[in-house]
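Take a look at the letters that make up each chain.
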Amino acid sequence: MVEVSAKPDTAHEAVAEGRLVMAPATLDLALSGQGRKGDVFSVSEIAGVMAAKKTSELIPLCHPLALSKVAVEIAASADGSGLTVTATARTTGKTGVEMEALTAVSVACLTLYDMLKAADKAMVIEGVRLLAKTGGASGDWRRDQR
C-alpha cells in the first residue's frame, strides 16, 4: 500500500458511471419492476453501496476507508439503450474514493445483469468510468477537462 500517514485529512468525493446495454423488451421489463428476481433497481443500488464499503477487500493495496456517503442511482439511459448507473462516494481522510465509486458502479451493473439475465443474456456492461473527483493533493478533476 502507498504510505499516506503524513498526508492531512481532507474531504474527498468521486462520481463514477457505467451502463448496461440491453434489448428494448428487457429495459421495459426492468422499468416495470416485474422481473423474475424482483425489483432490480433497489437490489442493485444496495449491492453497489455494499460493494463500495468492501472495496479494500476486493482491490489489492486499496486503503480501507471510513465512507461518509455512498449513493447509487440507476435510470434509463437517455438514448433508450439500457440503464445507466451512477455512484457517488465521499469521505474525509488521507486518500481518495475513486475506487469506491468505480466498485459501486461495477457491482451494481453486475447485479442488474444477474437479475435480468433470464430475459437477455446478450446484455453488455460498458463505459465504467470516473466522471469527477474532488479533494486531495492532486486537486479536482472532471472528465470533460481532457
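Residues numbered from 1 in each chain as written. Predicted model: local features only at pLDDT ≥ 70, side-chain atom pairs only at ≥ 80, totals over all residues. Heavy atoms only, no water.

1. Side note on the overall build of the chain
When its secondary structure is counted, the chain shows four helices and five strands. Counting from the amino terminus, the chain carries its helices and strands in the arrangement β-α-α-α-β-β-α-β-β. Relative to the 2.2 N^0.38 estimate, which gives 15 Å for 146 residues, the radius of gyration of the chain is 16 Å and therefore close to what a compact globule would have. Seen along its three principal axes, the alpha-carbon backbone of the chain occupies a region of about 55 × 30 × 20 Å. In the chain, which comprises 146 residues, the proportion classed as buried is 40%. Pairs at least 24 apart in sequence give 72% of the contacts found in the chain among residues at least 6 apart. When the accessible area of the chain is evaluated, it comes to approximately 7,900 Å², of which 56% is carbon and sulfur surface. Positive and negative charge centroids in the chain, built from 16 and 17 side chains respectively, lie 3 Å apart. (Helix = DSSP H or I, 4+ residues; strand = E, 2+ residues; numbered from the N terminus. Rg over C-alpha atoms; globule rule 2.2 N^0.38 Å. Buried < 20%, exposed > 50% of the residue type's maximum accessible area, 1.4 Å probe, protein only. Contact = heavy atoms within 4.5 Å. Areas by Shrake-Rupley, 256 points an atom, 1.4 Å probe, with all protein chains shown as cover. Lys, Arg positive; Asp, Glu negative; His and termini not counted. Charge placed at Lys NZ, Arg CZ, Asp CG, Glu CD.)

2. With respect to the nonpolar core
Generally speaking, nonpolar side chains in soluble globular proteins are found buried as a group. Grouped together as the largest cluster of nonpolar side chains are 27 residues, with contacts concentrated most on Met22, Val40, Leu83, Val85 and Leu112. Top element by residues in this core is helix α4 (residues 98–116). It accounts for nine residues. When neighbours within four sequence positions are excluded, Val40 is seen to be in contact with Ala30, Leu112, Met115 and Leu116. (Core = buried A, V, L, I, M, F, W, Y, C linked by side-chain atoms within 4.5 Å.)

3. Things to note about the packing of helix α2 (residues 40–53) against α4
In the contact formed by α2 and α4, the axes pass within 7 Å of each other and the chain directions differ by 145°. In this structure, α2 meets α4 at a crossing whose hand is right-handed. Contact with α2, carried on its side by Val40, Val43, Ser44, Ala47, Gly48, Ala51 and Ala52, involves Glu100, Thr103, Ala104, Val107, Ala108, Thr111, Leu112, Met115 and Leu116 of α4 and no other residues of that element. Its residues assigned to classes, the contact of α2 with α4 shows 11 nonpolar, four polar and one charged. (Axes fitted to C-alpha atoms, helices over the stretch in contact; angles between N-to-C directions. Left-handed = near helix turned anticlockwise from the far one by under 90°. Nonpolar A, V, L, I, M, F, W, Y, C, P; charged D, E, K, R; others polar.)

4. Regarding the pattern of salt bridges
Overall, the coordinates contain eight salt bridges when judged by the stated rule. Glu13 is paired through a salt bridge with Arg90; the nearest N and O atoms lie 2.3 Å apart. Taken as a pair, Glu13 in strand β1 (residues 10–21) and Arg90 in strand β3 (residues 82–93) lie far apart in primary sequence, 77 residues in all. The salt bridge involving Lys117 is made with Asp114; its shortest N-O contact spans 2.4 Å. On the accessibility criterion, Lys117 (32% relative accessible area) is partly exposed. (Salt bridge = Lys/Arg side-chain N within 4 Å of Asp/Glu carboxyl O.)

5. Structural notes on unusual backbone geometry
The backbone of Leu61 shows a phi angle near 70°, a positive value even though the residue is not glycine. Along the polypeptide, Leu61 turns up in the loop between α3 (55–58) and β2 (67–76).

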